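# Structure assessment
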Amino acid sequence: MKLLWLLVCPAIALAQVEANLSIDAGAVREPMEIGRYALGQGGLSDRPIFDSQADAIRSLHVKMIRLFVQEYFDLYPRRGVYHWDTLDKAVDTILETGAKPLMSICIKPRLLYPVIDQDKVDPTSYAEWEELIYRMVKHCNVEKKAGIRYWEVFNEPDIGEDGGCPSRFTPESYARYYAHTAQAILRADPGARVGGPALAYSGSPLLKGLLDHCSAHKAPLHFVSWHIYNSDPAAIQKTIATVKDLLGHYPDLHCETILDEWNMSLSKPRLEPGYQPSFAIETISRMRAAGLDYAAYYHIRDYHVDPEQFFRFMSRKGTLNMANWWNLTPQFDGLFDYQGVLRPAYFAFKMLSRLTGNCVEVKSDRPQVKLMAAYDEDQKMLHAVVWNFAVETPPACHVNLKIGGLQSGKLAFRRLALDSDTASNQENHRMRLRRNETLEDSGEVQDRFDLPPYGVVLVSLRKLE
């Protein structure tokens, strides 16, 4: 009898956990702009990689997709000869999604870097280097009319080949390289926004060195960027505060902040099916709260690398590390896996994409149960995403939701629940319809539902004519 009581008690305790949530649809705030928390891809192949998934990405309505401009694109095969065709295919794939590329420049043409060495970071001729960058930007934005605004100077320059790119800089060498590269970009397109350093570690001295240089020399620096892979959203949010605190010492620079690679821990990813989608929503919520300008979840699709491509510009050790990581190590980060199969995290972004229009005021009395809501005046629709997240597995929760401040008239009400456990990737199976009805004229709508650990729900209200 005692054993039975011990087994039953946890279930009773879980059933008693409640969260009281409220949405004031009349308390309209700033534009939501959820599409600024976007995606990244690249660093792996000269192929477009996710061209067969372009339509699926288009439905997420992200504003930006980060692209590595890596040496395998072979942009400068011979002196005076420029090759754009392969890069154009990757750019075109991004444009097909409705997003704009953020171009991360990571190339080391053999003509300008005759020795493969991650610590040899300066080209043999900066004049020739600047001409190459000038022509690339001119090609993209004048000849192709791609409208690319953001250009990033290198990727993870603080760790070089360990980050999948062929150069490892010091603060002094990066500031010098940045100055030449940014000058060439802006000569080609004065309206471009230039920045970096796309650090592997936000605390790297390369960032302070860049800020010191740009402040002292009045050099253009429109954004700063960095990366973090950590399964705790609070740790990711902390890097935003750290970078913003540093920027506070340089009020003359007016930099945007872009966290353009982020995801769960690479070494110890959380493998519960529901963790990653809930983690993504929790992290994006914290990014908004911290005032981050843009983000790029890395990445769209897992992809195998061809070592022969990397041997051309990386050391044997660096290339074999890339091949081991991408070809032999299990991967969990892509919205699509190696075969192009959707992962549950894709549907987290799908739910977030419904948050169009302006933020509205929300409240929750339970820390791990949170919500974001937005009202779209054009569609006369309110959408809210509700999730149950904590790093240590949160308890299941019974949610009492009240939505007030509504306009008079009949309303179409829907509630969808994200099913991370199903083997089906049909959208109606991943985003399961749990409530669907027409409500009579009322100033307040109530809904009650159970939210499991890492559960996610999308609620929508549409005013009927």
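Predicted, not measured: the structure shown is a model, and the values here were computed from it.

For the rest of this paragraph, the subject is the overall build of the protein chain. Helix and strand counts for the protein chain come out as 12 helices and 17 strands. In the protein chain, which comprises 465 residues, the share counted as buried stands at 57%. Of the contacts formed within the protein chain by residues at least 6 apart in sequence, a portion of 76% connects residues at least 24 apart. For the protein chain, the accessible surface area stands at approximately 19,600 Å², while carbon and sulfur atoms represent 51% of it. The protein chain carries 53 positive and 58 negative side-chain charges, and their two centres are separated by 1 Å.

So, about helix H4 (residues 126-143). Taking 1.5 Å of rise per residue, the 18 residues of H4 would be expected to cover 26 Å, and the 24 Å separating its terminal C-alpha atoms lies within 8% of that figure. Where H4 is buried, its residues contact strand S3 (64-69), helix H3 (85-96), strand S4 (100-105), strand S5 (150-153) and helix H5 (171-188). Among the residues trailing H4, Lys-145 stands out with phi positive, at a value near 55 degrees.

What follows concerns the confidence of the model for the protein chain. Predicted confidence across the protein chain gives a mean pLDDT of 95, with 97% of residues reaching 70 or more. The model gives residues 1-14 a pLDDT under 50, and that stretch makes two contacts with residues more than four places away or in other chains.

Attention shifts here to the sheet that holds S3. The strand order around the closed barrel formed by eight strands is S2-S3-S4-S5-S6-S7-S8-S9, and the pairing between neighbours is parallel. Going from strand to strand, the sheet's axes swing by 30 degrees on average, the running direction of each strand aside. Relative to S5, S4 runs parallel, the two being bridged by four bridges. Residue pairing across strands places Leu-102 opposite Tyr-150, the latter belonging to S5.

Further remarks concern the pattern of salt bridges. For the structure shown, the criterion picks out 25 salt bridges. With its nearest N and O atoms 2.8 Å apart, the salt bridge here joins Arg-168 to Asp-119. Of this pair, Arg-168 sits in the loop between S5 and H5 while Asp-119 is found in the loop between S4 and H4, placing the two residues 49 residues apart along the sequence. Here Arg-168 falls in the partly exposed class, since its relative accessible area comes to 33%. Looking at Asp-119, the relative accessible area reads 44%, which means it is partly exposed. The salt bridge involving Asp-447 is made with Arg-415; its shortest N-O contact spans 2.6 Å. Of this pair, Asp-447 sits in strand S16 (residues 444-451) while Arg-415 sits in strand S14 (residues 411-418), and the two are 32 residues apart along the sequence. Taken as a pair, Asp-447 and Arg-415 share a single burial class, namely buried. The network of salt bridges with common partners includes Arg-66, Glu-152, Asp-260 and Glu-261.

Another aspect to go through is the layout of surface pockets. Over the atoms, a rolling probe the size of a water molecule traces out where space has been left empty. What the largest pocket holds in volume is close to 680 Å³. As for the largest pocket, its lining consists of 27 residues, and the residues nearest its centre are Glu-156, Ile-159, Asp-162, Gly-163 and Leu-266. Within the residue set of the lining of the largest pocket, elements represented by two or more residues are strand S7 (223-229) and helix H10 (316-328). Per-element tally for the lining of the largest pocket: the top contributor is H10, with five residues. Split into classes, the residues belonging to the lining of the largest pocket amount to 12 nonpolar, 10 polar and five charged. Put simply, the second largest pocket is a space of about 270 Å³. Elements represented by at least two residues in the lining of the second largest pocket include exactly S14, strand S15 (431-439), S16 and strand S17 (456-463). For the lining of the second largest pocket, the residue count by class is nine nonpolar, three polar and six charged.

Among the nonpolar cores identified, the biggest contains 127 residues, and Leu-39, Trp-151, Trp-262 and Met-287 are the most heavily contacted of them. Ignoring anything within four residues of it in the chain, the contact list for Trp-151 reads Met-103, Ile-105, Met-136, Val-137, Cys-140, Asn-141, Ile-185, Ala-192, Arg-193, Val-194, Gly-195 and Phe-223. Counting 28 residues, the second largest nonpolar core, distinct from the first, contains Ala-19, Tyr-375, Leu-382 and Val-399.

Here the focus is the side chain of Lys-350. For Lys-350, the position within the fold is in helix H11 (residues 344-352). Within the structure, the side chain of Lys-350 is placed 3.0 Å from the side chain of Ser-59, a separation counted as a polar contact. If sequence neighbours within four positions are ignored, Lys-350 has contacts with Ser-59, Leu-60, Glu-427 and Met-431.

Following the criterion strictly, the structure yields 24 aromatic pairs and no others. For the pair Trp-262 and Phe-279, a centre-to-centre distance of 5.9 Å together with 55 degrees between the ring planes defines the contact as tilted. A residue pair is termed long-range when its members are at least 10 positions apart, and Trp-262 in strand S8 (residues 256-263) and Phe-279 in helix H8 (residues 275-290) qualify at 17 residues. The same class applies to Trp-262 and to Phe-279, which are both buried. Relative to Tyr-297, the ring of Trp-262 lies with its centre 5.0 Å away and its plane at 80 degrees, an arrangement referred to as edge-to-face. Pair noted here: Trp-262 is in strand S8 and Tyr-297 is in strand S9 (residues 294-298), with a separation of 35 residues, a long-range link. Tyr-297 carries the same exposure label as Trp-262, and that label is buried.

Locating Thr-257 in the fold gives a position in strand S8. A relative accessible area of 1% places Thr-257 in the buried class. Beyond its immediate stretch of four places on either side in the chain, Thr-257 contacts Val-224, Trp-226, Val-243, Lys-244, Leu-247, Gly-291, Leu-292, Asp-293 and Tyr-294.

Analysis parameters
- Residues numbered from 1 in each chain as written.
- Predicted model: local features only at pLDDT ≥ 70, side-chain atom pairs only at ≥ 80, totals over all residues.
- Heavy atoms only, no water.
- Helix = DSSP H or I, 4+ residues; strand = E, 2+ residues; numbered from the N terminus.
- Buried < 20%, exposed > 50% of the residue type's maximum accessible area, 1.4 Å probe, protein only.
- Contact = heavy atoms within 4.5 Å.
- Areas by Shrake-Rupley, 256 points an atom, 1.4 Å probe, with all protein chains shown as cover.
- Lys, Arg positive; Asp, Glu negative; His and termini not counted.
- Charge placed at Lys NZ, Arg CZ, Asp CG, Glu CD.
- Expected span 1.5 Å × (residues − 1).
- pLDDT = per-residue confidence, 0-100.
- Pairing = 2+ DSSP bridges.
- Axes fitted to C-alpha atoms, helices over the stretch in contact; angles between N-to-C directions.
- Salt bridge = Lys/Arg side-chain N within 4 Å of Asp/Glu carboxyl O.
- 1 Å grid on protein atoms, 1.4 Å probe; cavity = no way out; pocket = protein on both sides within 12 Å on 5 of 7 lines; lining within 4 Å.
- Points joined across faces, edges and corners; volume = space filled by probe spheres on them.
- Nonpolar A, V, L, I, M, F, W, Y, C, P; charged D, E, K, R; others polar.
- Core = buried A, V, L, I, M, F, W, Y, C linked by side-chain atoms within 4.5 Å.
- Polar contact = N/O pair within 3.5 Å; in protein donor to acceptor, adjacent residues only side chain to side chain.
- Phe/Tyr/Trp six-rings, centres within 6.5 Å; stacked < 30°, edge-to-face > 60°.

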